[in-house]
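# Tertiary structure, described
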Amino acid sequence: FYITGDTVENIPHLQVPVDENEYRVRNKQINHRCEEVLRAIDLLVKINAGEAITNVIDKNNNGVKSDLTILKSSMDLTNKLYLAGHSFGGSTVLLASSLNTKVKAVFAMDPWMYPLAGQKFEISKPTLVVNSEIFVNPNNFHVINEASKNNSDVTF
């Protein structure tokens, strides 16, 4: 689902052909996902501060409102905000961590770096990258190494 204000839309699965447009489509997708992660972090900050947020679940919950104020001050987002992701999510959290100073460290499992191969970004946080044998791809390592060339705290 995609949510804009009060509008909830179903987004169908997109089959992306392997052609000259694939990178452009995948790069757009990963930047969209990154924006979603950054919005989620912003929402967690608001929830932790006790601020009221619009919750789309309330619209489909038989009139029962969610009380997120019970989560006020329940998260240490200053010292303990970590991101983790697998495959497309692994590359998403690497990009998102480069854009948010609140993120302290990243755990990326089998990150698929193709969508970021032509995009400049910097991995500046402590990062652990774990690859299973089937996901080992020299191009993935190359993109990560380029993005972390100024960071000695990236471990494979």
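Refer to the structure presented above.
Rules used in this analysis
Residues numbered from 1 in each chain as written. Predicted model: local features only at pLDDT ≥ 70, side-chain atom pairs only at ≥ 80, totals over all residues. Heavy atoms only, no water. Helix = DSSP H or I, 4+ residues; strand = E, 2+ residues; numbered from the N terminus. Buried < 20%, exposed > 50% of the residue type's maximum accessible area, 1.4 Å probe, protein only. Contact = heavy atoms within 4.5 Å. Pairing = 2+ DSSP bridges. Axes fitted to C-alpha atoms, helices over the stretch in contact; angles between N-to-C directions. Right-handed = clockwise from strand over helix to strand, strands pointing away. Salt bridge = Lys/Arg side-chain N within 4 Å of Asp/Glu carboxyl O. Arc of directions from axis to C-beta. Polar contact = N/O pair within 3.5 Å; in protein donor to acceptor, adjacent residues only side chain to side chain. Expected span 1.5 Å × (residues − 1). Core = buried A, V, L, I, M, F, W, Y, C linked by side-chain atoms within 4.5 Å.

### A closer look at the overall build of the protein chain
When helices and strands are tallied, the protein chain shows 3 helices and 6 strands. Its helices and strands in sequence order give the protein chain the pattern β-β-α-β-α-β-β-α-β, from N to C terminus. For the protein chain, the spread of C-alpha atoms along the principal axes amounts to about 50 × 40 × 25 Å. By the burial criterion, 31% of the 156 residues in the protein chain qualify as buried.

### Side note on the environment of Gly 50
Here Gly 50 is to be found in the loop between helix H1 (22-48) and strand S3 (82-86). The spatial distance from the C-alpha of Gly 50 to the C-alpha of Lys 72 is 4.7 Å, given a sequence separation of 22 residues. When near neighbours in sequence (up to four residues on either side) are disregarded, Gly 50 contacts Thr 69 and Lys 72.

### What about the sheet that holds strand S4 (residues 105-109)?
Backbone-to-backbone hydrogen bonds join strands into a sheet, with any given pair of strands oriented parallel or antiparallel. Spatially, 4 strands are ordered S3-S4-S5-S6 in an open sheet, and the strand pairing comes out parallel. Each edge of the open sheet is held by one strand with a lone partner, namely S3 and strand S6 (154-155). The sheet contact formed by S4 and strand S5 (residues 127-130) spans 4 bridges and is parallel. Looking at S5, one finds that Val 106 is bridged to Thr 127. Its contacts with the sheet place helix H2 (residues 88-99) against S3, S4 and S5, and it is angled at close to 150 degrees to S3.

### A look at the pairing of S3
Of the two faces of S3, the one holding Leu 83 and Gly 85 is buried and the one holding Tyr 82, Ala 84 and His 86 is not buried anywhere. As paired elements, S3 and S4 share 5 bridges and run parallel to each other. Bridge assignment links Leu 83 to a residue of S4, and that residue is Val 106. You can see the chain leave S3, run along H2 and come back into S4, and the turn it takes is right-handed.

### Description of the environment of Glu 133
Looking at the element boundaries, Glu 133 is found in the loop between S5 and helix H3 (138-147). Along the primary structure Glu 133 and Lys 102 are separated by 31 residues, whereas in three dimensions their C-alpha atoms are 32 Å apart.

### Overview of the pattern of salt bridges
Scanning all chains against the criterion turns up 1 salt bridge. Note that Glu 146 and Lys 149 form a salt bridge whose closest N and O atoms lie 3.5 Å from each other.

### Things to note about H3
Residues of H3 that are buried include every one of Asn 140, Val 143, Ile 144 and Ala 147, and no others. Along the axis of H3, the buried positions cluster into a sector of 95 degrees, meaning they face one direction only. Of the surrounding elements, those touching the buried residues of H3 are H2, S5 and S6. Among the residues of H3, the N-terminal cap falls to Asn 137, whose side-chain oxygen and the backbone nitrogen of Asn 139 are separated by 2.7 Å.

### Things to note about H1
Structurally, the α-helix is built with 3.6 residues per turn, so residues lying three or four positions apart point the same way. An ideal rise of 1.5 Å per residue puts 39 Å on 27 residues; H1 measures up with 39 Å between its terminal C-alpha atoms. Where H1 is concerned, the buried positions are Glu 22, Val 25, Arg 26, Asn 27, Ile 30, Cys 34, Leu 38, Ile 41, Ile 47 and Asn 48. Buried residues along H1 sit in contact with S3 and H2. Backbone geometry just after H1 places Gly 50 at a positive phi near 85 degrees.

### Quick notes on the nonpolar core
Counting residues in each nonpolar core, the largest one holds 24 residues, and the members touching the most others are Leu 94, Met 113, Leu 116, Phe 121, Ile 123 and Ile 144. Secondary-structure elements contributing two or more residues to this core are H1, H2, S4 and H3. It is H2 that provides the largest number of residues to this core, a total of 5 residues. Among residues more than four places away in sequence, those in contact with Leu 94 are Val 106, Ala 108, Pro 111, Met 113, Phe 121, Ile 123, Thr 127 and Ile 144.

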